[in-house]
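Observations on the model geometry
Single-letter residue listing:
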Protein chains: 2
Amino acid sequence: MPDTPATNHPIPPRQTARTRASDALLEPLQAHIRQLDAFLLAQVNEFEPAVRHLVTYTLTHHGKRLRPALVFYAGWTDNSPPQPELVRAAAIVELVHLATLIHDDILDNAGLRHNTPTLATRHGPHTAVLLGDALFAHALTLAASYPTTDICHHVATTTRQVCSGEIHQNAESGNTRLTLGQYYRIIRLKTAELFELSCRLGAHLATNDPAYTDACARHGRHLGTAYQILDDITDFAGNETGTGKTLGTDLANGKYTLPVLLHLGQLPASDATALGNALAQGTMTPAQLAQRLSTAGIPAQCQRIFHEEITHAQNALAPYAATPAAAHLHSLTLYLHEQLHRLDFA
Amino acid sequence: MPDTPATNHPIPPRQTARTRASDALLEPLQAHIRQLDAFLLAQVNEFEPAVRHLVTYTLTHHGKRLRPALVFYAGWTDNSPPQPELVRAAAIVELVHLATLIHDDILDNAGLRHNTPTLATRHGPHTAVLLGDALFAHALTLAASYPTTDICHHVATTTRQVCSGEIHQNAESGNTRLTLGQYYRIIRLKTAELFELSCRLGAHLATNDPAYTDACARHGRHLGTAYQILDDITDFAGNETGTGKTLGTDLANGKYTLPVLLHLGQLPASDATALGNALAQGTMTPAQLAQRLSTAGIPAQCQRIFHEEITHAQNALAPYAATPAAAHLHSLTLYLHEQLHRLDFA
């Protein structure tokens, strides 16, 4: 597929109900996000000229900057301007995230991301594979610019785990007998690890306090798990305008997540087989499935599991409850909580 | 595509004329390569259980270990056993190389690599994208285990450049008006950078001598350029048994390389357009094209350019000609030289 010509006028991301809600949440981070955006755009010139328009396209069609927010909030010490080493760490986790999104979108055959065409749709899957690689590599180049190798080590191992989670998920595609244990392992790897890394880097760079850093990392892990559960539910209970995602994508790709797995596990064997077949043959729409899950009481069970993760995330920071950092991180848990209750899933 | 089950009995790579010639070349490195193989296989357990059989498959279907040989030879100091930090560096460059091969094979739709099915053929392109990512990430994890961040920095920037070169090449796919300048830039990035890195790491780790390290890096850059020119010629002048490559792949993918570009540049405009159209429409076989190039005297021109790069590579090490390291690196240039003259391209 031919590449479209470079644009000198990056298109700003379209505003949606969900991004507006997160704008309020990120209010205290305005200066931080501005610095992050400036830092990321300055990175474009580190790439080969032939690649720069692709990097610009990726950087200007971003999402909520949730992982950078974790870096900044976990590293929040006072109202002073954002420290350059935190801005760099925020850029690293965002680049890793963007690279994984680019590769995911190829694999999922998703056409939209953040309400704009994915890089794979616009520039072809070949270019998308390679650009994802280049963004990963650049994240590691930035990680190598800290005085010691810890940041590099954490970023590289996390990236490996994220990819391993995706491979694991891919290998189980179409498997309606996936266990909940396997499901939790997959979401831990593919999502929670990067949330954990974001919190870890922010805390470590700002405080160099191992106990606080570990507490933040634990917080991030549970928050990331809750976030992925929310995302999985959204696949068939949200709406495209509100989330910027192509809905039903997981289901269409044979990616069975918490609601479906809970339901399948609670059905008599013959009913589970019948439902499994209907899902595999694509004879059931996401809306029909949502109706069936609702009748079976699955939404309430998902909400309970989600709340448990949110509670674990909050508890991890209990010893630091009086700090502004913990208060900010707490606000993120409340934001996710709100998002869940806005969904049409009950 | 479903994954095939893990094998507990890795299949050894098939022997070919070309690998046998390189076996002799690598004779002085037998202990080094054994340690490298053991080190690489020990890395399998660093990956998630769901991924390990894929890593094993990749590691056991390798090629000539040419980049590790550069690490070991550039870092050659005496006949003492291979140093662990050199073995690790050799593993890093090999993992980066294997990851790029996995991604290349998806993009090129190549069915064979080293005479065995590619990972993409066997396990599907989705898994291949992600496994490549995981191998890149693991290479960086290993790079982060040195005391300082230099190795990480060099490995990450090289990886970014390699991917940028591939993107550049991909963007120019089907372009029969590619300039020689663009061609050289692409092969510098996609191939020569990793040869340069291999020599740089070996020299730096063994000697910590900046002048020698820079000389080795320059040597690697020119050797890598020569190697890619050889590889490009082989695409239509070799034979599948001898190289383990699916021939005509570059041409079929609209990847126009030195021989074709030289020829197109020397034809009258109307003839160049006619040949360009024939290539684009796939109405000319690699054998027919080779015949035409031969008549036009292109092979001799390619050989001259190849020899220039080999000479630059040798000259870079002239101040160190008396050292065993330079003698070993010199033997690699002679090996490439021999390979060129074995091809049916005159």
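Scroll up to find the structure this text is about.
Keep in mind that this is a model prediction, so the values were computed, not measured. (Residues numbered from 1 in each chain as written. Chains lettered and ligands numbered in written order. Predicted model: local features only at pLDDT ≥ 70, side-chain atom pairs only at ≥ 80, totals over all residues. Heavy atoms only, no water.)

1. Some remarks on helix α14 (residues 269–280) of chain A
All names here are of chain A. What counts, and what does not: Starting at the N terminus, helices and strands are each numbered in turn, a helix being any DSSP run of H or I of at least four residues and a strand any DSSP run of E of at least two. Helix span, expected: 1.5 Å multiplied by one less than the number of residues in the helix. Relative accessibility thresholds used throughout: buried, under 20% of the residue-type maximum; exposed, over 50%; partly exposed, between the two (1.4 Å probe, protein chains only). The directions considered for the arc run from the helix axis to the C-beta atoms. Contacts between residues were defined by any pair of non-hydrogen atoms, one from each residue, lying within 4.5 Å.
Across its 12 residues, α14 extends 16 Å between first and last C-alpha, which sits within 8% of the 16 Å expected from 1.5 Å per residue. Inspection of α14 places Ala272, Leu275, Gly276, Ala278 and Leu279 among the buried residues, and these make up the whole buried set. All buried residues of α14 lie within an arc of 160 degrees about the axis, which places them on one face of the element. Turned more than 90 degrees off the buried face of α14, the exposed positions are Ala269, Ser270 and Ala280. At its buried positions, α14 is contacted by α12 (249–252), α13 (258–266) and α15 (286–295). A positive backbone phi angle near 70 degrees is found at Gly282, which sits one or two residues after α14.

2. Examining the nonpolar core
Quick note on the threshold: Here, nonpolar core means buried Ala, Val, Leu, Ile, Met, Phe, Trp, Tyr and Cys residues that are tied together by side-chain atoms lying within 4.5 Å of each other.
With 213 residues, the main nonpolar core has Leu131, Val155 and Leu336 of chain A together with Leu131, Val155 and Leu336 of chain B as its most contacted residues. What Leu131 of chain A contacts, discounting residues up to four positions off in sequence, is Val51, Leu54, Val55, Thr58, Ile102 and Leu119 of chain A together with Ile167 of chain B.

3. Considering the relation of the copies chain A and chain B
Where we set the bar: C-alpha atoms of residues with pLDDT of at least 70 in both copies form the basis for the least-squares superposition of the copies.
At an RMSD of 0.0 Å, chain A and chain B line up after a rotation of 180 degrees and a shift of 0.0 Å along the axis. Each copy turns onto its partner about a two-fold axis. No C-alpha of chain A approaches the rotation axis more nearly than that of Thr149 of chain A, which lies at 2.7 Å. Interface overlap between copies: 100% of the residues of chain A at the interface are likewise at the interface in chain B, consistent with a symmetric, same-surface contact.

4. Comments concerning the packing of aromatic side chains
We count it as follows: A pair of aromatic rings is counted whenever rings of Phe, Tyr or Trp (Trp by its six-membered ring) have centres within 6.5 Å, and the orientation is called stacked for planes under 30 degrees apart, edge-to-face for over 60 and tilted otherwise. Here, over-ring charges are defined by two tests on the NZ atom of lysine or the CZ atom of arginine: distance to the ring centre within 6 Å, and angle to the ring normal within 35 degrees.
Scanning all chains against the criterion turns up eight aromatic pairs over all chains. For the ring pair Phe195 of chain A and Tyr227 of chain A, a centre distance of 5.2 Å and an interplane angle of 40 degrees mean the geometry is tilted. Taken together, the residues Phe195 of chain A in helix α9 (residues 180–207) and Tyr227 of chain A in helix α10 (residues 210–237) connect sequence positions 32 residues apart. On the accessibility criterion, Phe195 of chain A (0% relative accessible area) is buried. Positioned above the aromatic ring of Tyr146 of chain B, the side-chain terminus of Arg88 of chain B is 4.4 Å from the ring centre.

5. Observations regarding the interface of chain A and chain B
Stated formally: Each reported salt bridge corresponds to a side-chain nitrogen of Lys or Arg within 4 Å of a carboxyl oxygen of Asp or Glu. Ten residue types, Ala, Val, Leu, Ile, Met, Phe, Trp, Tyr, Cys and Pro, are classed as nonpolar, four, Asp, Glu, Lys and Arg, as charged, and the remainder, Gly among them, as polar.
Every contact between the two is made by 42 residues of chain A and, on the other side, 42 residues of chain B. In this structure, the connection of chain A to chain B is made through two salt bridges. Linking Arg185 of chain B and Glu48 of chain A is a salt bridge whose minimum nitrogen-to-oxygen distance equals 2.4 Å. For the side of chain A that touches chain B, the element with the most residues is helix α8 (residues 150–171) of chain A, which contributes 14 residues. Its residues assigned to classes, the side of chain A that touches chain B shows 21 nonpolar, 14 polar and seven charged.

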